Amino acid sequence: MPPGQYETHGFPVLSAGPTPRVDLDEWEFTVTTETGDRYSWDWAQLMALPSRTPTVDLHCVTKWSKFDTVWEGVSLDVLLEDVETAADHALVRSYGDYTTNLPLEDLLDGQAWIAYRFDGEALDPEHGGPARLLVPHLYFWKSAKWVRGIHLLGEDEPGFWESVGYHNYGDPWREQRYQGD
Ligand SMILES: Nc1nc2c(c(=O)[nH]1)N[C@H]1C(S)=C(S)[C@@H](COP(=O)(O)O)O[C@H]1N2
Ligand SMILES: [Mo]
């Protein structure tokens, strides 16, 4: 258990705004590089990619942790495989305008997924369905719900919570909750 956390068996919903409803026919995930190149997947293309079923622990900055959650999704290693970039930073964007930033390397090497199933079921809209980023080694605010794309950037740019005082990186094991932690 990371410092300052407690275990919950429920699955709290934490959303900064209303739950956007995204039609699967219109759903699209786009990676945009620092040179403006775009790589997009529609829902059928995402479903056609090889998926993984990671079992991971979640740590929210509001101090709840949830252990052994089971997801299904596509690894960012697969999605970024053919993307040509020299960027070091990523800004993740959601339907409904939420953003969060992290180093590109934290999305690679089996650390992050575009997840569309939780506990064997289609991901509930409240929890980010149809698909959310899952990047469990950082505080859960980095796991953008209703993900719509990732911008790869040469320079870091703070996201929604990062620009109002939350830690830029957010490692739960180092208790990086707020700027200066
Ligand atoms: N688009 C979007 N993603 C988001 C949020 C949000 O408000 N909007 N909240 C974040 C926070 S603070 C947490 S703890 C988790 C909560 O996910 P959950 O509601 O599935 O528990 O989603 C993260 N991703
Ligand atoms: Mo959170």
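An unreviewed UniProt entry lists the protein under the name Molybdopterin-binding protein, with Streptomyces pilosus as the source organism.

**Re the pattern of salt bridges**
Oppositely charged side chains are able to pair whenever their charged atoms sit close together. Within the structure shown, the criterion is met by four salt bridges. Ionic pairing is found between R117 and E72, a salt bridge with its closest N-O pair at 3.7 Å. A residue pair is termed long-range when its members are at least 10 positions apart, and R117 in strand β8 (residues 113–118) and E72 in strand β5 (residues 64–75) qualify at 45 residues. You can call R117 partly exposed: its relative accessible area is 32%. Judged by its relative accessible area of 21%, E72 is partly exposed. A salt bridge links K142 to E162, with the shortest nitrogen-to-oxygen separation between them at 2.8 Å.

**Remarks on the sheet that holds strand β7 (residues 99–103)**
Strands in a sheet are paired, the pairing made by backbone hydrogen bonds, and the direction either parallel or antiparallel. What the five strands build is an open sheet, ordered β3-β2-β11-β6-β7; its pairing is mixed. Pairing within the sheet leaves two strands with one partner each, and these edge strands are β3 (38–42) and β7. Direction aside, neighbouring strands of the sheet carry axes that sit 15 degrees apart on average. Of the pairings in the sheet, the one linking strand β6 (residues 89–94) to strand β11 (residues 147–153) comprises six bridges and is antiparallel in character. Note on β11: the bridge partner recorded for S94 is V147.

About the cut-offs
- Residues numbered from 1 in each chain as written.
- Chains lettered and ligands numbered in written order.
- Predicted model: local features only at pLDDT ≥ 70, side-chain atom pairs only at ≥ 80, totals over all residues.
- Heavy atoms only, no water.
- Salt bridge = Lys/Arg side-chain N within 4 Å of Asp/Glu carboxyl O.
- Helix = DSSP H or I, 4+ residues; strand = E, 2+ residues; numbered from the N terminus.
- Buried < 20%, exposed > 50% of the residue type's maximum accessible area, 1.4 Å probe, protein only.
- Pairing = 2+ DSSP bridges.
- Axes fitted to C-alpha atoms, helices over the stretch in contact; angles between N-to-C directions.

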